[in-house]
Amino acid sequence: MVSVAIIDYGVGNLRSVEKAFAAVGVDAVVTSDKTALTQAERLVLPGVGAFATCMSEFNRYGFAEVVLRRVKERIPLLGVCVGMQMLFEESSEFGSAKGLGLLKGSVKRFSSELTVPHVGWNEVSKRFTSPLLNDVDNNSFFYFVHSYYCDPEDRNTIVGETEYGIRFASVVAKDNVCGVQFHPEKSQASGLRLLKNFAKSDVR
Amino acid sequence: MFDELHSLSSTFGESQAASEVDALGTHRQIEVYPTETMLAKRIIPCLDVADGRVVKGIRFVSLTDAGDPVAQAKRYDEEGADELTFLDITASSEKRNIVEDLVRRVADEVFIPFTVGGGLRTVADIRTVLRAGADKISLNTAAVENPSLVAEAARTFGSQCIVVAIDARRSNSNATWQVYTHGGRRITERSALEWAKEVEELGAGEILLTSMDRDGTRDGYDIELTRAVSSAVRIPVIASGGCGQLHHFYDAFTLGGASAVLAASLFHYGELSISETKSYLRSRGLNIR
């Protein structure tokens, strides 16, 4: 049984996520095997590129059922980048596409007034303390690459915020479901710390 | 801010003082700051590699193997580089597997984003490099010869990982800048400004803009070119070519409108370190990580 299973549905640079966990001493595997997903102690939902493509690939692999079931069993789930967006109900990207609906709210595009995608290192300011951000300083820099952002309906789920034209939710958490808009696996020490926190936190 | 902080014990986000939070967050308000952002300006060292070895990279005296891309990448990471760019100048295309191996080794040990460019011609080439662990790829000649490759790559992998590199030189009439390919050896009919707008349309996520007039001169980035391109597109522009002094970086950001700056030989020959560059820019008021 592995500690962390990184869900492989053919999208994204999963090797980096796996290696980042390894760098902080966490046993993580990239897998598309449903048995492994059923047995893992924690799940990571990655995602890059287009929301609709990610969702349709994810569904084509038939992962929704197992992931939703594991979440009900209180297994911690971390969505990364588009993986975080997929936790929400829907995205306005290319019309509208349905997400997993684990968190209430939608995914919206940044204003056309801004340089988009939002690429680079930006600060995350904490709104609440969360085990996810243990030993991560307030206003630490993390690496972002995205054109859409999550707009949670429940502001209590917004753990960290980042400013880019607007203040958007860069870290969300509700019970055992959490998500980060940036790439922790590419955010040097702060990102590695966050991944370690996720893997080691005592979550029901 | 800190009056909102309260401790959560066993779950990631369960609020223990919901009423307190409700009082703060019932009416969601989106504040708009159209010009102000906290996004840091990026400093990107470039490493030229051939046959999996660094041929032009920083000459750190402390490195026992200065040609090892992984050792160099780690050192740049420690110095505070925001990203890395590897330009593969391997002549032979049969050596793709060497590049793949290099990418894999870097990705295993370096936890900042990196871009790989040079010789990528097909979606399959791009897939190989991305799957090995690169965060972005850059296209230059292949994009000019086959613009649909940019669109196909963006559609397949997402715009966020597709960088189009444009090598530009001022035309003889001085009126515009022309695009060159094949490492600057071949002139094309394209204007750099038009090509920049076109690749944005095609789905490129960033433009790496090199001034051939300035490259190697140390006279500073071509501010006019950088300004012209960064105002013509909404995607980030990385300025490249000609940096010789600290204030050149500053000018590329403030006058040129660049989102990032790339430099190779300046860091390579150890004339400037990433950390002193960053403290200088910070002291001049720029937002630097």
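Please read these numbers as outputs of a predicted model, since none were measured by experiment. Residue positions are given per chain, counting from 1 as you read along its sequence in written order. Each chain gets a letter, beginning with A, and each ligand a number, beginning with 1, in the order they are written. With pLDDT at 70 or above as the cut-off, local features in this predicted model cover only qualifying residues; side-chain atom pairs require 80 or more to be listed or tallied, and sums for whole chains, interfaces and linings still use all residues. The side-chain numbers reported here are obtained from all heavy atoms of the structure, hydrogens and water having been left aside.

1. Here we look at the overall build of chain A
Stage number 1. Numbering of helices and strands runs from the N terminus; a helix is a DSSP stretch of H or I covering at least four residues, while a strand is a stretch of E covering at least two. In terms of helices and strands, chain A carries six helices and 13 strands.
Stage number 2. For chain A, whose C-alpha radius of gyration is 15 Å, the value lies close to the compact-globule estimate of 17 Å for 204 residues.
Stage number 3. Oriented by its inertia axes, the alpha-carbon framework of chain A measures out at about 45 × 40 × 30 Å.
Stage number 4. Among the 204 residues that make up chain A, the fraction classed as buried is 67%.
Stage number 5. The contacts in chain A between residues at least 6 apart in sequence include a share of 69% that link residues at least 24 apart.
Stage number 6. Only the protein chains shown count as cover for residues, and the accessible areas themselves come from Shrake-Rupley with a 1.4 Å probe. By element, 45% of the accessible surface of chain A is carried by carbon and sulfur atoms, the whole surface being about 6,700 Å². Computation of the radius of gyration draws on C-alpha atoms, with the globule rule given as 2.2 Å multiplied by the number of residues to the power 0.38. Burial status follows relative accessibility: with a 1.4 Å probe on protein chains alone, a residue under 20% of its type maximum counts as buried, one over 50% as exposed, and anything between as partly exposed. Contacts between residues were defined by any pair of non-hydrogen atoms, one from each residue, lying within 4.5 Å.

2. Overview of unusual backbone geometry
Residues and elements named next belong to chain A.
Stage number 1. For the peptide bond that leads from V116 to P117, omega is 5°, which places it in the cis range.
Stage number 2. Looking at the element boundaries, P117 is found in the loop between β7 (105-109) and β8 (118-126).
Stage number 3. Phi at Q188 is positive, roughly 50°, even though this residue is not glycine.
Stage number 4. Of note, Q188 is situated in helix α6 (residues 188-200).

3. Let's talk about the confidence of the model for chain B
Interpreting fine coordinate detail is not advised for predicted regions of low pLDDT.
Residue and element names in this part refer to chain B.
Stage number 1. What pLDDT conveys is the predictor's confidence in a given residue, as a value from 0 to 100. The predicted model of chain B has a mean per-residue pLDDT of 84, with 82% of residues at 70 or higher.
Stage number 2. Here residues 1-10 is modelled with pLDDT under 50, and outside its nearest four sequence neighbours on either side it reaches 34 contacts, counting other chains as well.
Stage number 3. With pLDDT under 50 throughout, residues 14-36 is counted as low confidence; its partners more than four residues away or in other chains account for 34 contacts.
Stage number 4. Two numbers describe this predicted complex: its pTM, 0.88, and its ipTM, 0.88.

4. Things to note about the pairing of strand β2 (residues 28-31) of chain A
Residues and elements named next belong to chain A.
Stage number 1. Strand direction decides the pairing type here: strand β1 (residues 4-7) and β2, joined by four bridges, are parallel. Within the sheet, the bridge partner assigned to V4 lies in β2 and is A28.
Stage number 2. Following the backbone out of β1, through helix α1 (residues 14-23) and into the adjacent parallel β2, one traces a crossover that is right-handed. Strands were regarded as paired on the criterion that DSSP finds at least two bridges between them. Whether a crossover is right-handed comes down to one check: with the strands pointing away from the viewer, does the path from the first strand over the helix to the second run clockwise; if it does, it is right-handed.

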